[in-house]
Structures are given as C-alpha cells and as structure tokens.
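# Reading the structure
This is what each chain is made of:
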Amino acid sequence: MEYLQAYAAHFNLFPSIKFDTKVTCIDRLVPSDEDEHSWDLWGGTGKPFSSSGKWNVIVQEARNVSSATEVYQVDFVILCIGRYSDFA
C-alpha cells in the first residue's frame, strides 16, 4: 500500500482519484457500422479495440447506494485486477 501511495504522490495523481467510488458500468461507444468489427478485435489476444471509439464510465458513491450516478466519457479504459482488487 505504501508503494501505491508513494507512486500517486510522486506523479501528483491524487487530484485525479475519486476515493470511495465504485464503477457501476462501462459501455463502449462506437459508430454502429464499426461495432461488430471492433468486438472481433478483442478476443483475449491482447490486441486493443480500434482507437475511434469512446467509453462511458458510470460511477456512484460506494457508501451511499441511493446517490446519483456520474458519467465520464473517456478515450480508453484500463482494467486492473490483482492484489488490491478487493478493497472495500
């Protein structure tokens, strides 16, 4: 945990982190004719989706399930699943 805190401090990431927030949904937004092709690109091969689409990331306060959700539209999403994935 100290490593993560030191890394975030070193690169001034704390202003960009929303603590006590959970991601409730991630949706890929692409032009309709490109949709099928982009999903074919992702088959666990490590090759990314095409760069023309966007992602909607929907978040909500983790401690208040009745809070309103917020939607962020971003260019890419990185999923990190590992040692620290079960923080609550």
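Quick note: structure is the one above.
Treat the numbers as computed from the prediction; the structure is a model and nothing was measured.

### As for the side chain of Ser 67
One can find Ser 67 in the loop between β2 (54-61) and β3 (70-74). Polar side-chain contacts of Ser 67 include one of 2.8 Å to the backbone oxygen of Asn 64. For Ser 67, the contacting residues outside a window of four places in its chain are Gln 60 and Glu 61.

### Some points on the sheet that holds strand β1 (residues 21-29)
What the three strands build is an open sheet, ordered β1-β2-β3; its pairing is antiparallel. Edge strands, defined here as strands with exactly one partner in the open sheet, are β1 and β3. For this sheet the average axis-to-axis angle between neighbouring strands, irrespective of direction, equals 25°.

### Focus on the packing of aromatic side chains
If you walk through the whole model with that rule in mind, you get three aromatic pairs. Ring centres of Tyr 3 and Tyr 7 lie 6.1 Å apart, and the angle between their planes is 40°; on these two criteria the pair is classed as tilted. Separated by four residues within a single helix, Tyr 3 and Tyr 7 lie in helix α1 (residues 2-10), roughly one turn from each other. Overall, the relative accessible area of 41% leaves Tyr 7 in the partly exposed class. Taking the centre distance of 4.8 Å and the plane angle of 50° together, the rings of Tyr 7 and Phe 11 count as tilted. These aromatic residues form a ring-pair network of at least three members: Tyr 3, Tyr 7 and Phe 11.

### Topic: the pairing of β2
Burial analysis of β2 places six of its eight residues in the buried class, the great majority of the element. Pairing geometry for β1 and β2, over eight bridges, is antiparallel. Within the sheet, the bridge partner assigned to Asp 27 lies in β2 and is Asn 56. Alignment of β2 against β3, held across five bridges, turns out to be antiparallel. Counted as the bridge partner of Ile 58 is Val 71 from β3.

### Notes on the environment of Val 77
As for its position among the elements, Val 77 is in the segment after β3. Setting aside residues no more than four positions away along its own chain, Val 77 makes contact with Ile 26, Trp 55 and Val 57.

How each quantity is defined
Residues numbered from 1 in each chain as written. Predicted model: local features only at pLDDT ≥ 70, side-chain atom pairs only at ≥ 80, totals over all residues. Heavy atoms only, no water. Helix = DSSP H or I, 4+ residues; strand = E, 2+ residues; numbered from the N terminus. Polar contact = N/O pair within 3.5 Å; in protein donor to acceptor, adjacent residues only side chain to side chain. Contact = heavy atoms within 4.5 Å. Pairing = 2+ DSSP bridges. Axes fitted to C-alpha atoms, helices over the stretch in contact; angles between N-to-C directions. Phe/Tyr/Trp six-rings, centres within 6.5 Å; stacked < 30°, edge-to-face > 60°. Buried < 20%, exposed > 50% of the residue type's maximum accessible area, 1.4 Å probe, protein only.

Taken by themselves, the reported measurements are silent on function.
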